[in-house]
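# Survey of secondary and tertiary structure
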Amino acid sequence: MTIEVSPVEAISTRKPTIIEAFIPIIFMMFSLVIGIGLWDVSPHIPLLLSVCVAIIVAMRLGFKWKAIETGMLDAVRLALQAIVILIVIGTIIASWIAGGIVPTLIYYGLNLLNPAYFLVAACAICCIISIASGNAWTAAGTIGIAIMGIGFGLGIPPEMVAGAVISGAYFGDKISPLSESTNLAPGIVGVDLFEHIRYMLYTTIPALIISLILFTILGFSATADLTDTAATNFTLREDLKELFVISPWLLLVPASIIIVMIFRIPAFPGLMIGSILGVLCALFVQNADPSMVMNALYDGYSITTDNETLNELLNNGGIVSVFSTVSLVIIAMCFGGILEFTGIFQTIVASIVRLAKTTKSLIIATVTTCITGNIVGCDQYMSIIVPGRMYAEEYRKRGIKGKVLSRTLEDSGTMTSPLIPWNTCGAFMATTLGVATFDYLPYTFLCLLSPVIAIAYALTGYTIEYYEDGEAPKKVRRFRMPKRI
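The structure displayed is predicted, hence computed values, not measured ones.

Conventions adopted
Residues numbered from 1 in each chain as written. Predicted model: local features only at pLDDT ≥ 70, side-chain atom pairs only at ≥ 80, totals over all residues. Heavy atoms only, no water. Helix = DSSP H or I, 4+ residues; strand = E, 2+ residues; numbered from the N terminus. Rg over C-alpha atoms; globule rule 2.2 N^0.38 Å. Buried < 20%, exposed > 50% of the residue type's maximum accessible area, 1.4 Å probe, protein only. Axes fitted to C-alpha atoms, helices over the stretch in contact; angles between N-to-C directions. Parallel < 35°, antiparallel > 145°, perpendicular 65-115°, else oblique. Left-handed = near helix turned anticlockwise from the far one by under 90°. Contact = heavy atoms within 4.5 Å. Nonpolar A, V, L, I, M, F, W, Y, C, P; charged D, E, K, R; others polar. Salt bridge = Lys/Arg side-chain N within 4 Å of Asp/Glu carboxyl O. Phe/Tyr/Trp six-rings, centres within 6.5 Å; stacked < 30°, edge-to-face > 60°. Lys NZ or Arg CZ within 6 Å of the ring centre and 35° of its normal. Core = buried A, V, L, I, M, F, W, Y, C linked by side-chain atoms within 4.5 Å. Domains from an automatic or database assignment. Patch = residues over 30% accessible without salt bridge, like charges linked within 9 Å, V, L, I, M, F, W, Y side chains within 5 Å. Areas by Shrake-Rupley, 256 points an atom, 1.4 Å probe, with all protein chains shown as cover. Buried area = accessible area lost by both parts, 1.4 Å probe. Expected span 1.5 Å × (residues − 1). pLDDT = per-residue confidence, 0-100.

Across its full length, the chain holds 25 helices and 0 strands. Here the C-alpha atoms of the chain give a radius of gyration of 23 Å, agreeing with the 23 Å that 2.2 N^0.38 yields for 485 residues. With the C-alpha coordinates aligned to their principal axes, the bounding extent of the chain is approximately 65 × 50 × 50 Å. In the chain, which comprises 485 residues, the proportion classed as buried is 57%.

What follows is the structure in structure tokens.
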């Protein structure tokens, strides 16, 4: 009987040296800085060139093309669910606009929400939704879309609104027991899930409190220069009533999606239900032309009015709107996949471990590695799994409790993933909320504060726990790469 061996396993290769490991990473950083910073191009081409450099390094290590191709495709498969969800989100945005759902949310939001307190309210609302659903993408792709529209109508800069949405969404994604990343981090290290969640509160709650304070201050500052807001809001509401049937019954659609997610319906069918409900509302509530609705699902909703604010607000969505992001995710995952299966990640982390002599330096090294994993691995899971596997044994040897590592993985891996434009999370948030990653980055206070607080705790020793004499640390168990994002 013949046993088939995968191409990666069948090739005799060697481990990369530290210089070889840094070649594709340094090239990627350099090309992105030159491409985006100086030439103002999209990150697609610099990343594609970085893939070529990574392939050359892989071949130098002894990998044949078939093995390299397999490694890239394996990584792309990890992003397939993200890609499918992105496509569905595009249809949701278009169908919810055509169905009057987004206009209804904006109409009532303009009536109810005070502009000065809007940012802090947006963050708090997204906290609740993401805790219930256990998914930052669900919170941003449903209620986040409506919040962006309300903020636009109130005249608040969209990058600030996006920062509030993402901060709230990732608070729930981090501490909800339903979240995949919240289950993944302790699963790799071998820590009880609820022990992990309780321990994360030491860093997450202070970060949230500071964030809410900052959003309150920012809200008053952002609205201080707004003049005649009431008149502008009245005009916008009246225009919405002329174009759409505005009814509180339409609010049942986003409410039903939240309920579906609470009952743990998988993301794809759950979001498809939302898209279908939006189409039904467009056909039977707004009496829209069926061909217009179907075309909107692909090309995006399109309308022309005398109100420029309304034009910019409503011309959105569609599958076409996510094509650029999908291609970016595929290219980025090819690059991260090569770095993972060739052992480049492992070489870099191993060298860092040798330099980290103290507990402080080890935790700081973990934070740095997770952030780097989000940058070069281009995926949130990569930034948790690789450092988790590489550092777990070192933490155990030094007597540091596993929950210190699992918390650090989340503080730095989960929370910085939406801050990288070519990371799957960053690409998703930028596309869904319609704001460039580097524009909303300064306002994602919770995501920025979490790794800073983790480093502060490492330097002071606060909440850093060790195994006591006679207390045996758990043996780190093997953890396989998940098949979904």
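What follows continues from the structure just given.
Running from amino to carboxyl end, helix α22 (residues 402-416) crosses helix α25 (residues 445-460) at an angle of 155°, the nearest separation of the two axes being 8 Å. On the basis of the axis angle, α22 is roughly antiparallel to α25. Taken as a pair, α22 and α25 cross one another with a handedness that is left-handed. When α22 is examined against α25, the residues Arg-407, Asp-411, Ser-412, Met-415 and Thr-416 are found in contact with a partner set consisting of Leu-446, Cys-447, Ser-450, Pro-451, Ala-454 and Tyr-457. The class makeup of the residues in the contact of α22 with α25 is 6 nonpolar, 3 polar and 2 charged.

In the structure shown here, the tally under the stated rule is 10 salt bridges. In this structure, Arg-14 and Glu-20 form a salt bridge, with 2.7 Å as the shortest nitrogen-oxygen distance. When its relative accessible area of 36% is taken as the criterion, Arg-14 is described as partly exposed. By relative accessible area, which is 7% here, Glu-20 ends up buried. The partner of Glu-465 in a salt bridge is Lys-401, and the shortest N-O contact between them spans 3.6 Å. Separated by 64 residues along the polypeptide, Glu-465 in the segment after α25 and Lys-401 in the loop between α21 (380-397) and α22 bring together distant segments of the chain. Overlapping salt bridges, with partners in common, bring together Glu-195, Lys-401, Lys-403 and Glu-465 in one network.

The next point concerns the packing of aromatic side chains. In total, this model carries 9 aromatic pairs according to the counting rule given. On the basis of an interplanar angle of 80° and a centroid distance of 5.1 Å, the ring pair of Tyr-117 and Phe-220 is categorised as edge-to-face. Here Tyr-117, found in the loop between α6 (101-112) and α7 (118-133), pairs with Phe-220, found in helix α12 (residues 193-223); they are 103 residues apart in sequence, far enough to count as distant. By relative accessible area, Phe-220 is classed as partly exposed at 42%. Relative to Tyr-462, the ring of Tyr-457 has its centre 5.0 Å away and its plane inclined at 80°; by these criteria the two rings are edge-to-face. In this structure, Arg-407 packs its charged tip against the face of Tyr-199, placed 4.1 Å from the ring centre.

With that out of the way, let us pick up the nonpolar core. If you look at the biggest cluster of nonpolar residues, it comprises 132 residues, and the most contacted ones within it are Leu-119, Trp-137, Tyr-170, Ile-338, Trp-422 and Met-429. For this core, the domains that each give at least three residues are domain 1 (46-76 + 321-458) and domain 2 (78-319). Leave out the neighbours within four places in its chain, and Trp-422 touches Met-28, Leu-32, Ile-36, Pro-43, Leu-47, Leu-328, Ala-332, Ile-375 and Cys-378. Core analysis: the second largest hydrophobic core is formed by 25 residues, Leu-184, Ala-185, Ile-188 and Ile-400 among them.

Our focus in this paragraph is a nonpolar patch on the surface. Taken together, the side chains of Leu-201, Ile-205, Ile-209, Ile-210, Ile-213, Leu-214 and Ile-217 present a nonpolar region at the surface, about 550 Å² in accessible area. Structurally, Ile-210 is set in helix α12.

So, on to the domain arrangement of the chain. For the chain, the assigned domains read domain 1 (46-76 + 321-458) and domain 2 (78-319). One C-alpha centre belongs to domain 1, the other to domain 2, and the line joining them spans 27 Å. At the junction of the two partners, domain 1 supplies 49 residues and domain 2 supplies 58 residues. Together, the buried faces of domain 1 and domain 2 total about 4600 Å²; carbon and sulfur atoms form 77% of this surface. Sorting the residues of domain 1 by area buried against domain 2 places Phe-428, Tyr-443 and Leu-446 first, and these three jointly supply 15% of that buried surface.

Where helix α10 (residues 158-175) meets α22, the axes come as close as 10 Å, and the angle between the chain directions of the two elements is 135°. By the angle between their axes, α10 is oblique relative to α22. Viewed along their axes, α10 and α22 form a crossing whose handedness is right-handed. Every residue of α22 that contacts α10 at Tyr-170, Asp-173 and Lys-174 is listed here: Glu-410, Asp-411, Thr-414 and Met-415. Considered class by class, the residues forming the contact of α10 with α22 number 2 nonpolar, 1 polar and 4 charged.

A separate point is the side chain of Asp-411. Mapped onto the elements, Asp-411 comes out in helix α22. Classification of Asp-411 by relative accessible area gives buried; the value is 0%. Residues in contact with Asp-411, not counting those within four places in the same chain, are Lys-174, Thr-203, Ser-450, Pro-451 and Ala-454.

Our focus in this paragraph is helix α3 (residues 44-60). End to end, α3 covers 25 Å across 17 residues, agreeing with the expected 24 Å (1.5 Å per residue, within 8%). Within α3, the full set of buried residues consists of His-44, Pro-46, Leu-47, Ser-50, Val-51, Val-53, Ala-54, Ile-55, Val-57 and Ala-58. Tucked inside the fold, the buried residues of α3 contact α2 (18-38), α4 (65-78), α18 (323-341) and α19 (344-355). Looking one or two residues past α3, Gly-62 carries a phi angle of roughly 110°, positive in sign.

When pLDDT is averaged along the chain, the result is 84, and 91% of the positions lie at 70 or above. Mean pLDDT across the secondary structure elements of the chain bottoms out at helix α1 (residues 7-10), with 44, and peaks at α25, with 95. The model gives residues 1-12 a pLDDT under 50, and that stretch makes 14 contacts with residues more than four places away or in other chains.

One non-glycine residue, Asn-287, lies in positive phi territory at about 55°. Within the fold, Asn-287 resides in the loop between α15 (267-284) and α16 (290-299). For Thr-463, which is not a glycine, the phi torsion comes out positive at approximately 65°. Overall, the relative accessible area of 14% leaves Thr-463 in the buried class.

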